[in-house]
Amino acid sequence: MKDPEFAGCWVKIDRARQHCVELERAANEWLETKPYRFRTDYDPVANVRVIRLEQAPIVPRDLCAIIGDAVHNLRASLDHFVYRIAVIESHQDPPPKAGKLAFPICVTKDGFDRRRQWLGDISAPMRASLEEFQPFRTHHVNPRESALWILDELDIIDKHRDFPLALIQIGDRLVLKPSGPGIAIHGLAAPKPLEANAEFLVYSSEDPAVTLEFDPTFEIAFAKSDVLPEGHAVGAALETLARNVETVVGSARRAPGTASSSPSNLG
């Protein structure tokens, strides 16, 4: 249930999801143009044919902008969350120290403590509740695997440069169309970001005249990123980020009949 006290947060999340729908539509329209070319090389030593990507397509920058809009709305929702908590606790709008309020996302306890000013005059119990969402609490082994940390890093990237994007092959949607009998498949590359001259498929045929048409299906993924594993599909990543932000915002609970009281539990 969406708490009306945090309506501004939910509006931001809903807007992010709208951007995700827009991204999927725009990406599909671009992919329908088949912005990639393949060639088939013959290896006379191994007597096989190798299907390779002739030229790696460049993902349109418009798609980067849509991804950035989705990311920024999700990140802003968390800052709205802290602001609303401060309003509820102080009974003031704007609350004290409004200009400094933000949702810290930290990989260490020291980093969280150094950002205490981001939480203004929010009560100690509430600070402790917000701390439970921090990457150093939720991901003890590797805090940088936290969805919130990834969200924060993507938001920073979007402020300064385009996202590194590429296409990945969807392995379970591969269509192979032989022109005749006697085709043998010797190897199929694992899904990964497309690169020029990338090897996709190795096959042979009993009759040299028999060839194989290669018709893969692709989707957009992050490539060569320090934030996400290479080849992580953008749509799936944004969905994970949105669900995690919804968990944070949806954790606000107030006792019945106390519309102006502070949330009693955040997690």
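See above for the structure.
S.K.: Sorry if this is basic, but what is going on with helix α7 (residues 234–250) here?
M.R.: Think of an α-helix as 3.6 residues a turn; residues three or four steps apart then line up on the same face. Taking 1.5 Å as the rise per residue, α7 with 17 residues should run 24 Å; its terminal C-alpha atoms sit 24 Å apart, in good agreement. All of the buried residues along α7 are Val234, Ala237, Leu238, Leu241, Ala242, Val245, Val248, Val249 and Gly250.

S.K.: What is the right way to read the nonpolar core from this model?
M.R.: Nonpolar side chains in soluble globular proteins tend to end up buried together. Ranked by internal contacts, the top residues of the largest apolar core, which has 70 residues, are Phe6, Phe81, Phe103, Leu154 and Leu165. Among the elements that make up this core, the one with the highest residue count is helix α2 (residues 61–90) (13 residues).

S.K.: Help me understand the packing of helix α1 (residues 7–31) against α2 in this model?
M.R.: Any two packed helices are characterised by the angle at which their axes cross and by the distance between the axes. For the pair α1 and α2, interaxial distance at closest approach is 8 Å and the crossing angle is 165°. With respect to α2, the element α1 is oriented roughly antiparallel. Crossing of α1 against α2: the hand is left-handed. Across the contact of α1 with α2, the residue classes tally to 15 nonpolar, five polar and four charged.

S.K.: I tried to follow the packing of α2 against α7 on my own but got confused; where do I start?
M.R.: Following both chains from N to C, one finds α2 and α7 inclined at 10°, their axes separated by 10 Å at the closest point. When the interaxial angle is binned, α2 and α7 end up roughly parallel. Between α2 and α7, the residues in contact are Ile67, Ala70, Val71, Leu74, Ser77, Leu78 and Phe81 and Val234, Leu238, Leu241, Ala242, Val245, Val248 and Val249, respectively. Looking at the contact of α2 with α7 residue by residue, the classes come out as 13 nonpolar, one polar and no charged.

S.K.: Help me out: how do you make sense of the sheet that holds strand β5 (residues 183–188) in this one?
M.R.: Strand pairing in a sheet relies on backbone hydrogen bonds, with the paired strands running either antiparallel or parallel. Taken together, four strands build an open sheet; the order of strands is β1-β2-β6-β5 and the sheet is antiparallel. Looking at strand neighbours, the two that pair on one side only are β1 (37–43) and β5, the edges of this open sheet. Looking at each pair of strands side by side, their axes are set apart by 30° on average, direction ignored. Bridge count between β5 and strand β6 (residues 199–205): five bridges; the pairing is antiparallel. Note that in β6 the partner of Leu188 across the bridge is Leu201.

S.K.: What should I look at first to understand the state of the cysteines in this one?
M.R.: This model, assessed by the stated rule, comprises zero disulfides. No disulfide involves Cys20; its sulfur sits 14 Å from the nearest other cysteine sulfur, which is in Cys64. Judged by relative accessible area, which is 6%, Cys64 ranks as buried.

S.K.: I keep staring at unusual backbone geometry and nothing clicks. Help me out?
M.R.: Glycine aside, negative phi is the norm for most residues, and most peptide bonds take the trans geometry. Each neighbour pair has its own omega, and for Asp93 with Pro94 the value is 10°, a cis peptide bond. You can see Pro94 is positioned in the loop between α2 and α3 (109–114). Positive phi, close to 60°, is recorded for Lys97, a residue that is not glycine. Its location among the elements puts Lys97 in the loop between α2 and α3. Of note, the phi angle at Asn197 is positive, near 70°, even though the residue is not glycine.

Conventions used here
Residues numbered from 1 in each chain as written. Predicted model: local features only at pLDDT ≥ 70, side-chain atom pairs only at ≥ 80, totals over all residues. Heavy atoms only, no water. Helix = DSSP H or I, 4+ residues; strand = E, 2+ residues; numbered from the N terminus. Expected span 1.5 Å × (residues − 1). Buried < 20%, exposed > 50% of the residue type's maximum accessible area, 1.4 Å probe, protein only. Core = buried A, V, L, I, M, F, W, Y, C linked by side-chain atoms within 4.5 Å. Axes fitted to C-alpha atoms, helices over the stretch in contact; angles between N-to-C directions. Parallel < 35°, antiparallel > 145°, perpendicular 65-115°, else oblique. Left-handed = near helix turned anticlockwise from the far one by under 90°. Nonpolar A, V, L, I, M, F, W, Y, C, P; charged D, E, K, R; others polar. Contact = heavy atoms within 4.5 Å. Pairing = 2+ DSSP bridges. Disulfide = S-S within 2.5 Å.

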